[in-house]
Amino acid sequence: MASEKGVTLLDFWVSPFGQRARIALAEKGVHYEYKEQNLAEKSDLLLKSNPVYKKIPVLIHDGKPVCESLIIVQYIDEVWSDKSPLLPSDPYQKAQARFWADFVDKKVFDCGTRLWKLKGEEQEAAKKEMIEILQLLEAQLGDKKYFGGDTFGYVDVAFIPFNNWFYSYETLGNFSIEAVAPTLVEWVERCKERESVAKTIYDPKKVYEFVGYLQKKFGVA
Amino acid sequence: MPQEREKQMEETVKLLGTKGSPLSHRAEVALRLKEVKFEFLNEDLAHKSDMLLRYNPIHKKVPVLVHGEKPIAESLIVIEYVDEAFEGYNILPRDPYERAMARFWARFIDEKVIPAFWMSCWTDGETQKGFIAQSKETLTTLQRQLEGKRFFGGDSIGLVDLAGCMIAFWFAVLQEVAGINLLNEEDYPVLCRWAEDYCRVGAVSESLLDRNLLVAHFASKKERIFATKAPVYD
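> Go over the overall build of chain B, please, and point to the residues and values.
When helices and strands are counted, chain B shows 11 helices and four strands. Whereas a compact globule of 234 residues would reach a radius of gyration of roughly 17 Å, chain B reaches 18 Å, a difference of no more than 12%. The C-alpha extent of chain B, read off along each of the three principal axes, is 60 × 45 × 30 Å. Residues counted as buried form 53% of the 234 residues belonging to chain B.

> Please give an account of the sheet that holds strand β4 (residues 64-67) of chain A that cites residues and values.
Residue and element names in this part refer to chain A. In space, the four strands of this open sheet follow the order β2-β1-β3-β4, with mixed pairing throughout. Each having just a single partner strand, β2 (33-36) and β4 make up the two edges of the open sheet. Mean inter-strand twist for the sheet, computed between neighbouring axes without regard to direction, equals 20°. Summarising the sheet, strand β3 (residues 58-61) and β4 pair through four bridges and their orientation is antiparallel. Its bridge partner lying in β4, Leu59 is registered against Val66. Contacting β1 (7-11), β2 and β3, helix α1 (residues 16-27) runs over the sheet at an angle of about 155° to β1.

> Outline the nonpolar core, listing residues and values.
A:Phe159, A:Trp187, B:Trp194 and B:Tyr198 are the most contacted members of the largest nonpolar core, which has 155 residues in total. No other element matches the 13 residues that helix α5 (residues 96-121) of chain B contributes to this core. B:Trp194 has contacts with B:Leu146, B:Arg150, B:Phe151, B:Phe152, B:Asp161, B:Gly164, B:Ile167 and B:Ala168, leaving out every residue within four places of it along the chain.

> Before we move on, could you go through the interface of chain A and chain B and cite the residues and values that matter?
Every contact between the two is made by 26 residues of chain A and, on the other side, 26 residues of chain B. Of the roughly 2,300 Å² buried between chain A and chain B, counting both surfaces, carbon and sulfur atoms make up 68%. Of all residues in chain A, A:Tyr53, A:Tyr92 and A:Phe99 bury the most surface against chain B, accounting for 25% of the area lost on that side. Summed over the shared surface of chain A and chain B, the result is eight salt bridges. The partner of A:Glu78 in a salt bridge is B:Arg99, and the shortest N-O contact between them spans 3.0 Å. The interface formed by chain A and chain B holds 11 residue pairs in polar contact (both at pLDDT 80 or more) in total. Broken down by secondary-structure element, the contributors of at least two residues to the side of chain A that touches chain B are β4, α3 (69-79) and α4 (91-117) of chain A. Here the element with the most residues in the side of chain A that touches chain B is α4(A); it accounts for 13 residues. A breakdown of the residues in the side of chain A that touches chain B according to their chemical character gives 15 nonpolar, two polar and nine charged.

> Explain the pattern of salt bridges to me, using residue names and the numbers behind them.
Pairing between side chains of opposite charge can happen when their charged atoms approach one another. Residues and elements named next belong to chain B. Going through the model one piece at a time under the given rule, you end up with 34 salt bridges over all chains. Taking the shortest distance from any N to any O, the salt bridge between Glu111 and Arg107 comes out at 3.6 Å. Residue Glu111 and its partner Arg107 are both found in helix α5; the two are separated by four residues, about one turn of the helix. A relative accessible area of 22% places Arg107 in the partly exposed class.

> Give a description of the layout of surface pockets that names residues and reports values.
All names here are of chain A. Its boundaries defined by the atoms lining it, the second largest pocket holds a volume of some 390 Å³. Taken together, 23 residues line the second largest pocket, and the ones lying closest to its centre are Pro88, Phe147, Gly148, Gly149 and Thr151. Elements that contribute at least two residues to the lining of the second largest pocket include exactly α4 and α6 (154-159). Here the lining of the second largest pocket takes four residues from α4, the largest share from any one element.

Reading guide: rules and limits
Residues numbered from 1 in each chain as written. Chains lettered and ligands numbered in written order. Predicted model: local features only at pLDDT ≥ 70, side-chain atom pairs only at ≥ 80, totals over all residues. Heavy atoms only, no water. Helix = DSSP H or I, 4+ residues; strand = E, 2+ residues; numbered from the N terminus. Rg over C-alpha atoms; globule rule 2.2 N^0.38 Å. Buried < 20%, exposed > 50% of the residue type's maximum accessible area, 1.4 Å probe, protein only. Pairing = 2+ DSSP bridges. Axes fitted to C-alpha atoms, helices over the stretch in contact; angles between N-to-C directions. Contact = heavy atoms within 4.5 Å. Core = buried A, V, L, I, M, F, W, Y, C linked by side-chain atoms within 4.5 Å. Buried area = accessible area lost by both parts, 1.4 Å probe. Salt bridge = Lys/Arg side-chain N within 4 Å of Asp/Glu carboxyl O. Polar contact = N/O pair within 3.5 Å; in protein donor to acceptor, adjacent residues only side chain to side chain. Nonpolar A, V, L, I, M, F, W, Y, C, P; charged D, E, K, R; others polar. 1 Å grid on protein atoms, 1.4 Å probe; cavity = no way out; pocket = protein on both sides within 12 Å on 5 of 7 lines; lining within 4 Å. Points joined across faces, edges and corners; volume = space filled by probe spheres on them.

Remember that the coordinates give geometry; whether it matters functionally is a separate question.
Take a look at the structure:
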């Protein structure tokens, strides 16, 4: 591993965190080898590359591993800085971008997990929270084309992979994202027009099937 | 003097923080390392100021850095902002891979080291044993990162050292109040040596609350913290 040149991504197809890395690499036009991981039987390479968390995604660049999706995206942005900047150059705008990506990290996945894992009152509470989160994000987007303004950037990369999961959240929570956050849905469509996003989109129904499998696994369904 | 720098120096810098809060401390040290003149506005977290609620409506927490009229929240984000907006001391490394490593370990401290230690202090019985085991693992993993270095940042303190401030100063206080002995010289000689060195750095010692005050504070809140498991700084 040590002296291998090139870029490898250890990932799992449905992971929104992995998709962040895929989108960032595509935006920068970086050639890389995609290695789908079996999370039930973790490979030696994964365990060696991410001994602390043993999770995907892991970006391996010239033999050196980088872990944690947002850290990976920032690394990609800083190394391949000559094309499609994802973070703004102004320190304050950068801080804002980091704040909102951090917000997505802290809120969306966790709440979404509760939506499919829990039932009854707890599920209802998760749904209410998800609506609040989406509306906060929608307010942050405002009437901008993307979260960063006119150009697709860091917060867009951080959040757009969760769009594959919207159908699952809506179906399980019995609500419509378009009804509660219509501008957000428009933003999703805009992002999907970008090649980097279109190439990493999975059929939401496939994701829903996967969620069904998770529910059975955790004894929820 | 370049125009940008002049403009920066004209804009006032306020730090909304709470003396005794490690997150607040992180932001304070970052500003001192850059020799930025700032006004510290102490927040009473039991009665949050209108300013705090206006500048951090999402999380309503400290620290919040206000540069001119621009608010920046979340301690690690504040540190990176201070590093980028002001010249001088390098808080993060300049190499992208080293930066990624620094961010990784800062996050590890926040997501794994601190929660495991915190819960070790405020639980009992089997639950506590579980958290103590977890805590030991995370401290061992973190200590390994110090191998051959004076600080996590190398010869001088950096992002990971600032992120680890709670370990360097608050952990000893917490374990004294909680009556456990997790972080000690025998088990973690390297980490304990680092803790002492960290606390001796000028910018750090200026930002630390008197230890006795901190012990008294946590001792007085002990029951409440045990019940809620939530940090109490009011």
